[in-house]
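Overview (structure and organization)
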Amino acid sequence: MLVPIFCLSQMKTGTFSDWEIQQQKEAKPTIIHIYTDWCAVCKIESFQLNKDKELVEMINENFYLINLEAEKTKEKIIFQGKEFNYLSNGNSGIHELALALSNNKNQPVYPLWIILNENQELVYYHEGQFKPEKMKKKLNEIFKL
């Protein structure tokens, strides 16, 4: 019998509609991760972040985490009282929310991390790969965990 050397724990993720309901029950800081399925850095980053048990526990216990696949998410999203839709461009497209949250309105940089406090105010913006140690340090710094 093969025994795994290590077990990857997963960060718990939710949807924007679940998040709205959860925020009313218990307001928590929120991490929005915007990525695409073609982004190699996004895949590497996801593996590295989920491999860090301490980071996974920190996020699962203290934050809501929402993954937004910028070019594949097609449903309407209500975020902070505004409606955002998928913008089709022939065979591809992008979600309006990815554009709205990005500093680069023409073409967001992936991966993109948006961190909001419990009042849904932006407290940190990060474009590109977010390494586990840097993320833990930043989350501790902002939220004094």
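Residues numbered from 1 in each chain as written. Predicted model: local features only at pLDDT ≥ 70, side-chain atom pairs only at ≥ 80, totals over all residues. Heavy atoms only, no water.

Some thoughts on the environment of Ser88
For Ser88, the position within the fold is in strand 5 (residues 86-89). With 42 residues separating them in the primary sequence, Ser88 and Phe130 have C-alpha atoms 29 Å apart. (Helix = DSSP H or I, 4+ residues; strand = E, 2+ residues; numbered from the N terminus.)

Quick notes on the packing of aromatic side chains
Aromatic rings considered in pairs are described by the distance between their centres and by the relative angle of their planes. Taken as a whole and assessed by the stated rule, the structure comprises seven aromatic pairs. Where Phe16 meets Trp19, the ring centres are 6.4 Å apart and the plane angle is 85°; that geometry is what we call edge-to-face. Of this pair, Phe16 and Trp19 both sit in helix 1 (residues 16-25), separated by three residues, roughly a single helical turn. Trp19 carries the same exposure label as Phe16, and that label is buried. Each ring, one from Phe63 and one from Phe143, has its centre 5.2 Å from the other, and the planes form 75°; the classification is edge-to-face. (Phe/Tyr/Trp six-rings, centres within 6.5 Å; stacked < 30°, edge-to-face > 60°. Buried < 20%, exposed > 50% of the residue type's maximum accessible area, 1.4 Å probe, protein only.)

Some remarks on the nonpolar core
Within the largest apolar cluster, 23 residues are counted, with the highest numbers of intra-cluster contacts made by Phe16, Ile32, Ile34, Phe79, Leu97 and Ile114. Secondary-structure elements contributing two or more residues to this core are helix 1, strand 1 (30-35), strand 2 (64-69), strand 3 (77-79), helix 4 (96-101) and strand 7 (112-116). The biggest single contributor to this core is helix 4, with four residues. With 16 residues, the next largest nonpolar core counts Met11, Leu55, Trp113 and Tyr124 among its residues. (Core = buried A, V, L, I, M, F, W, Y, C linked by side-chain atoms within 4.5 Å.)

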